[in-house]
Amino acid sequence: MNSNHDNDVFIDLKLLEKVYGISSDNILELIIKQHALSTQEVIDRFEISKQRLVGLKNQGYLKEVKKGIFLREEVELLRKKQAEEGRLEKFNKYQLMPAFKTLDTGDTIINKLRFFDCLTMVRTDSKDQNYNLHLKDAFSAIVKTFENDKKIYFTKHKGFDEVSTFQELEKSGIIIPDADYNLKRFYEEKFLEKTEAKILNMPKIISYQKTVEAVNQLYKLKYVGI
């Protein structure tokens, strides 16, 4: 339990400089980037309106540590609680699965909201293993898509369930800008291995390491000739 004196604790960034070997300014910047979310990031993460976010804050579900700044962990734990209590399904008719589907062309679309909601359930140790198994299947679909020289597209939630063909995808307008990946881009941007993936604890997905190895091997075969 937090004491009333927690806010009086002084964090000496100069001491942390010795631990990490980087400047205190860089340490503070990394802490904010990795462990906090801005108002816009929360809105984008959950695809909610600013009014809805204000409502969550006013009802005491979310706390601003500074104006416009929220703790990432608190935000994710709220989402887990809403899912486990069935509140998302009851009030918004929203389910966490399916988070992906493969289209008639062999391209795969990933519902960004559902994918990261499933990941939240995994990283916060949900007892329901179906979320982890579903993400394992999503990883398998990604590898198969790249094996067939096709692309994956991250999409918005609204309209996702109505799309089953690539033609419908193009007309839907749900593809998130700059969120389409072929094998080359997926590998070179280290989608599964970058800091953001570690923050979200993507390695907890059952087939994580196997998928990383498969993507790396595919890249070598197609672009390096190994």
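The coordinates are above.
What you see is a predicted model, and the numbers here were worked out from it, not measured in a lab.

*Asks:* Looking at this model, I keep getting lost on the sheet that holds strand β7 (residues 175-181). Mind explaining?
*Replies:* Strands in a sheet are paired, the pairing made by backbone hydrogen bonds, and the direction either parallel or antiparallel. Sheet architecture is open: four strands sit in the order β4-β5-β6-β7, paired in mixed fashion. The open sheet has two edge strands, β4 (100-102) and β7, and neither has a second partner. Neighbour-to-neighbour, the strand axes of this sheet turn through a mean angle of 20°, independent of strand direction. Summarising the sheet, β4 and strand β5 (residues 108-111) pair through three bridges and their orientation is antiparallel. Among the inter-strand pairings, Thr102 is bridged to a residue of β5, identified as Thr108. Contacts from helix α7 (residues 112-123) reach β5, β6 (152-155) and β7, with the element oriented near 65° to β5. Of the strands in this sheet, β4, β5, β6 and β7 touch helix α8 (residues 130-147), which is tilted by about 35° from β4.

*Asks:* Looking at this model, I keep getting lost on helix α1 (residues 13-20). Mind explaining?
*Replies:* One turn of an α-helix holds 3.6 residues; hence residues three or four places apart share an orientation. Of all eight residues that make up α1, zero are buried, and the element is exposed over most of its length. Two to three positions downstream of the cap, the backbone nitrogen of Lys14 sits 2.9 Å from a side-chain oxygen, assigning the N-cap of α1 to Asp12. Looking one or two places after α1, you find Gly21, whose phi comes out positive at around 70°.

*Asks:* Would you mind showing me how to read the pairing of β5 here?
*Replies:* On a regular strand, one side chain projects to one face of the sheet and the next to the other, so that they alternate. The alternating pattern of β5 places Thr108 and Ile110 on one face and Ile109 and Asn111 on the opposite face, and all of these are buried. As paired strands, β5 and β6 are joined by four bridges and run parallel to one another. Bridging from a neighbouring strand, Ile110 pairs with Phe154 of β6.

*Asks:* Please clarify how the pattern of salt bridges should be interpreted in this entry.
*Replies:* When charged atoms on two side chains of opposite charge get close, those side chains can pair. Under the definition given, this model contains 19 salt bridges. For the salt bridge of Arg45 with Glu76, the shortest nitrogen-to-oxygen distance reads 3.3 Å. One end of the pair, Arg45, is in helix α3 (residues 39-46); the other, Glu76, is in helix α5 (residues 72-84), and 31 residues separate them in sequence. A relative accessible area of 14% places Arg45 in the buried class. Residue Glu193 pairs with Lys190 through a salt bridge whose shortest N-O separation is 3.9 Å. Here the salt bridges do not stand alone but share partners, grouping Lys151, Asp178, Asp180, Arg185 and Glu189 into one network.

*Asks:* How do you make sense of a nonpolar patch on the surface when you look at a structure like this?
*Replies:* There is a patch of nonpolar side chains on the surface, built from Val19, Tyr20, Ile22 and Leu30 and spanning about 390 Å² of accessible area. For Leu30, a relative accessible area of 38% corresponds to the partly exposed category.

*Asks:* How should the packing of aromatic side chains be read in this particular structure?
*Replies:* How two aromatic rings sit relative to each other is set out by the distance from centre to centre and by the angle between their planes. Going through the model one piece at a time under the given rule, you end up with eleven aromatic pairs. Put simply, the rings of Phe115, Phe116, Phe146, Phe154, Tyr181, Phe186 and Phe191 pair up and form one aromatic cluster. A cation sits over an aromatic face here: Arg87 above Tyr61, 5.0 Å from the ring centre. The ring of Phe160 has Lys101 sitting right over it, with the charged end atom 4.8 Å from the ring centre.

*Asks:* I tried to follow empty space enclosed by the protein on my own but got confused; where do I start?
*Replies:* To locate leftover empty space, one rolls a probe as large as a water molecule over the atoms. For the structure on display, the rule yields one cavity of 30 Å³ or more. By volume, the largest cavity is sized at about 60 Å³. Taken together, Phe186, Tyr187, Lys190, Phe191, Leu192, Glu193, Val212, Val215 and Asn216 make up the full set of residues lining the largest cavity. It is helix α12 (residues 208-224) that contributes the most residues to the lining of the largest cavity, three residues altogether.

Conventions adopted
- Residues numbered from 1 in each chain as written.
- Predicted model: local features only at pLDDT ≥ 70, side-chain atom pairs only at ≥ 80, totals over all residues.
- Heavy atoms only, no water.
- Pairing = 2+ DSSP bridges.
- Helix = DSSP H or I, 4+ residues; strand = E, 2+ residues; numbered from the N terminus.
- Axes fitted to C-alpha atoms, helices over the stretch in contact; angles between N-to-C directions.
- Contact = heavy atoms within 4.5 Å.
- Buried < 20%, exposed > 50% of the residue type's maximum accessible area, 1.4 Å probe, protein only.
- Polar contact = N/O pair within 3.5 Å; in protein donor to acceptor, adjacent residues only side chain to side chain.
- Salt bridge = Lys/Arg side-chain N within 4 Å of Asp/Glu carboxyl O.
- Patch = residues over 30% accessible without salt bridge, like charges linked within 9 Å, V, L, I, M, F, W, Y side chains within 5 Å.
- Areas by Shrake-Rupley, 256 points an atom, 1.4 Å probe, with all protein chains shown as cover.
- Phe/Tyr/Trp six-rings, centres within 6.5 Å; stacked < 30°, edge-to-face > 60°.
- Lys NZ or Arg CZ within 6 Å of the ring centre and 35° of its normal.
- 1 Å grid on protein atoms, 1.4 Å probe; cavity = no way out; pocket = protein on both sides within 12 Å on 5 of 7 lines; lining within 4 Å.
- Points joined across faces, edges and corners; volume = space filled by probe spheres on them.

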